[in-house]
Every structure is written in C-alpha cells, then in structure tokens.
Amino acid sequence: MMRADVKRRNSEHAWVNPSTGEIINVDRAWQKSDMRIAVRRRDQALLAAAGMDGPEAHWYVVRVKDRADIAVDKSLEDANVERVMLHTEAEPKRRGGRKHQCLEPVRVPSFPGYIFVKVVSCPVTWAGLRTIAGVLGPIGGCENPSPVSEQEIVKFQARIENDPDAIAVLTNALKAGDKVSIDSGPFAGFETVVLLLKDKHRLTVETSVFGRTVPLDVDLANVTKLD
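I will try to describe carefully the structure that is included in this document. Since this is a predicted model, take the numbers as computed values, not measurements. (Residues numbered from 1 in each chain as written. Predicted model: local features only at pLDDT ≥ 70, side-chain atom pairs only at ≥ 80, totals over all residues. Heavy atoms only, no water.)

**Some points on the environment of isoleucine 139**
At step 1: The topology assignment puts isoleucine 139 in the loop between strand 8 (135-138) and strand 9 (147-148).
At step 2: With relative accessibility at 33%, the residue isoleucine 139 sits in the partly exposed group.
At step 3: With 77 residues separating them in the primary sequence, isoleucine 139 and valine 62 have C-alpha atoms 6.0 Å apart.
At step 4: In contact with isoleucine 139, other than residues within four places in its own chain, are Val61, Arg63, Tyr114, Pro145 and Ser146. (Helix = DSSP H or I, 4+ residues; strand = E, 2+ residues; numbered from the N terminus. Buried < 20%, exposed > 50% of the residue type's maximum accessible area, 1.4 Å probe, protein only. Contact = heavy atoms within 4.5 Å.)

**Quick word on helix 6 (residues 164-173)**
At step 1: Within helix 6 the residues assigned to the buried category are Ala166, Ile167 and Leu170. All buried residues of helix 6 lie within an arc of 100° about the axis, which places them on one face of the element. With respect to the buried face of helix 6, the exposed residues turned more than 90 degrees away are Pro164, Asp165 and Asn172.
At step 2: Close packing links the buried residues of helix 6 with helix 5 (150-161).
At step 3: At the N-terminal boundary of helix 6, the capping side chain belongs to aspartate 163, with an oxygen 2.8 Å from the backbone nitrogen of aspartate 165. (Arc of directions from axis to C-beta. Polar contact = N/O pair within 3.5 Å; in protein donor to acceptor, adjacent residues only side chain to side chain.)

Don't take any of this as a statement about function, it's just geometry.
Here it is in structure tokens:
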C-alpha cells in the first residue's frame, strides 16, 4: 500500500512524453521556468536602468557584433536609451535584374560595429546594455569607458548624415568673432577666428599663415569651437 501511495504521489509530479516515453519531473520544469522568468525580469530592470537619463549622463561608444548594428539600434530605441547610429542612405540591391523596380533606400551604418549611447556610466548601466543581443560593451571597458563630447556627435551627424538639425546646432553655436580650431586638412590644429557664416555648410575664418593674416573657407563640420 505504501509503495502504491509513493508511486501515486510521484506520478502527480511527473509527466510522460507520449512520443518518447521520457519521464519529465514537473516540479523541476517549473523551477527552471521560474528561473528563466526571474532572469528576464532582471534583464528588463537592468535595461530600464540603462535608459535612465540624468546630469551625469555622457556619450559613449558601444561595440556591437558584426552585422548586428540595426537590430541593436532598434533594441536600444525600444528600451528608451538615447543613441546615435551614424548611417548613410544606400540603394538596395535589385533582385532578378529588374531595372524598373522602385525600392526605398536603406540605412547603411557608416561605422559598422559601433553605436553611440548617452547613459550614466555605472555597473548597472553596462550590465543592462549587455542584455541586448549583439552588444559587446563600451570602448575602454565597463570600468573605465571613454566618453565622447556631444559636440563631436553633432559634428559627425552634420558631416556624415548631412543632418539639418545637427547643422542648425552647429550654425547657431557660432557667430562672427568666435575662436575655432580646424580639425583636419592642411590647416589642422590652426586656431582661427570666425569672420562670416557663408551658408548652412561653410564659413570663412581668419588665421595667420607665414606671418600674414589670410581668410579661409572651411566646412562647418570641420571646426571645433574653442572656449
């Protein structure tokens, strides 16, 4: 009688797969399920923390796995994490040689494998971001990541994406008489003075070359305002 009771009690906590005859312990299955649910909730909490903004938030560069840029960008958007994936518009490949096929341009990452995020750097933030499939971690490591200035982000957007909002930010940040430094080209590193904002993309600066003051036309996104 005792053996029958034990057998009956055991059967209440087991399930037999009719296809394979395998006996599955239901209690253990539920425990594993509860653990998976707990892990998912923890990941969601960490990711929510990563999306929190504050005065200590700065821009960082996050490395992502090969060809995971667009998926990671979408996941960051869903998690309300401020991010920038620099991209260009490209024409998709046509299938079957259809010459008259109209296709929408697609986003192609300008720096494959890298996405900018604006977050508060702390262990919880980086743990939350690494719950996203495809995220490897910040440049510089989680303990000492390398921040990037907001001005650099805006300049990248103006230069690479020709973003009108970014161009407007740069234009409004400069006026005649401001001191700027040229970032690249033969005059890289030269400290100059803004003479004129010619249009939305270029400005005229004044600098000293071989003891003479000369005007130069440079791209707006190729200068950095000096304090």
